[in-house]
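Observations on the three-dimensional arrangement
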Amino acid sequence: RSHEEVKERTDLLRMHIEDTIHKSGTLIIPAFSLERTQGMLFEINNLFENEGLEPIPVFLDSPLAIAVTEIYRGYTDYLKEAVQTQIREGDDIFDFPKLSFTHSMKDSAKIGKEHGAKIIIAGSGMSHGGRIQEHERTYLEDPKTTLLLVGYQAVGSIGRLLNDGAKKVRILDTDVKVRAKIARIRGYSG
């Protein structure tokens, strides 16, 4: 498959975040816990801290992704040289203003009480399980929501149904009308 180049995918991510801010909506990103999530955090960190985009609340709502992110922090020698340089210059690439790690289900439930523009990154990457399903069930009916697919979506997964334009999906035994914008950035996919 043809994927966007790094600059193009970053520009697309910025556009979706700016659109979310403009609408005071929610940007939901189903992401795989290993690599994809850390890549998204790195990109958002750079947009907020180095590219002048005004920070909005970002919730990493995946205990596994949080644990994997801590492993990444411990092994920065394996990251690209440019990223290592950024870290040596004092940028914690996995920490930026308004980022929250939601470890517990209680913390996850509090995300819905956060009014205004926000970003939720949660597993699973194909929306077939995990905390992302609760967020999709909550937000997909809201036209101010954007669901941003950043990874491969297998046939039969909720992510694939949404990618293919489904107007209604069944999530956690609930039929959910899809009024949210469904967007895709292929450049993050392996």
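Refer to the structure above for everything that follows.
So, here is what we can say about the structure in this document. Predicted model, so just to flag it, every value in this text is computed and none were measured.

Topic: the packing of aromatic side chains
One pass over the structure, following the stated rule, counts 3 aromatic pairs. Plain terms: the ring middles of Tyr72 and Phe94 are 6.1 Å apart, the flat faces sit at 85 degrees to each other, and that makes the pair edge-to-face. Placement of the pair is Tyr72 in helix H3 (residues 63-74) and Phe94 in the loop between helix H4 (81-88) and strand E3 (99-101), with a sequence separation of 22 residues. Of the two residues, Tyr72 and Phe94, both sit in the buried class. Ring geometry for Tyr75 and Tyr78: centres 6.3 Å apart, planes at 45 degrees, overall tilted.

A short note on the pattern of salt bridges
Taken as a whole, this structure holds 11 salt bridges when the rule is applied. Here Asp11 makes a salt bridge to Lys7, at a shortest N to O gap of 2.8 Å. Taken together, the residues Asp11 and Lys7, both in helix H1 (residues 6-23) and 4 residues apart, mark about one turn of the helix. For the salt bridge of Arg73 with Glu70, the shortest nitrogen-to-oxygen distance reads 2.5 Å. Of this pair, Arg73 and Glu70 both sit in helix H3, 3 residues apart, roughly one helical turn. Residue classification places Glu70 among the partly exposed positions, given a relative accessible area of 39%.

Details of the sheet that holds strand E1 (residues 26-30)
Taken in spatial order, the 6 strands line up as E3-E2-E4-E1-E5-E8 in an open sheet, and their pairing is parallel. Strands at the two margins of the open sheet, each flanked by one partner only, are E3 and strand E8 (181-184). Strand-to-strand twist of the sheet, defined as the mean angle between neighbouring strand axes without regard to direction, takes the value 20 degrees. Judged from the 4 bridges that link them, strand E2 (residues 58-61) and strand E4 (residues 118-122) form a sheet pairing that is parallel. By the bridge assignment, Phe59 is partnered in E4 with Ile120. In this fold H1 packs onto E1, E4, strand E5 (145-149) and E8, with an angle of close to 165 degrees to the strand it touches most, E5.

What to know about the pairing of E1
Where burial is concerned, most of E1 is hidden: 5 out of the 5 residues are buried. The two faces of E1 match: Thr26, Ile28 and Pro30 on one face and Leu27 and Ile29 on the other face are all buried. In this sheet, E4 lies alongside E1 in parallel orientation, the contact comprising 5 bridges. Bridge assignment links Pro30 to a residue of E4, and that residue is Ala122. Sheet topology places E1 next to E5; 3 bridges connect them, and they run parallel. The partner of Ile28 across the bridge, within E5, is Leu147.

Analysis parameters
Residues numbered from 1 in each chain as written. Predicted model: local features only at pLDDT ≥ 70, side-chain atom pairs only at ≥ 80, totals over all residues. Heavy atoms only, no water. Phe/Tyr/Trp six-rings, centres within 6.5 Å; stacked < 30°, edge-to-face > 60°. Helix = DSSP H or I, 4+ residues; strand = E, 2+ residues; numbered from the N terminus. Buried < 20%, exposed > 50% of the residue type's maximum accessible area, 1.4 Å probe, protein only. Salt bridge = Lys/Arg side-chain N within 4 Å of Asp/Glu carboxyl O. Pairing = 2+ DSSP bridges. Axes fitted to C-alpha atoms, helices over the stretch in contact; angles between N-to-C directions. Contact = heavy atoms within 4.5 Å.

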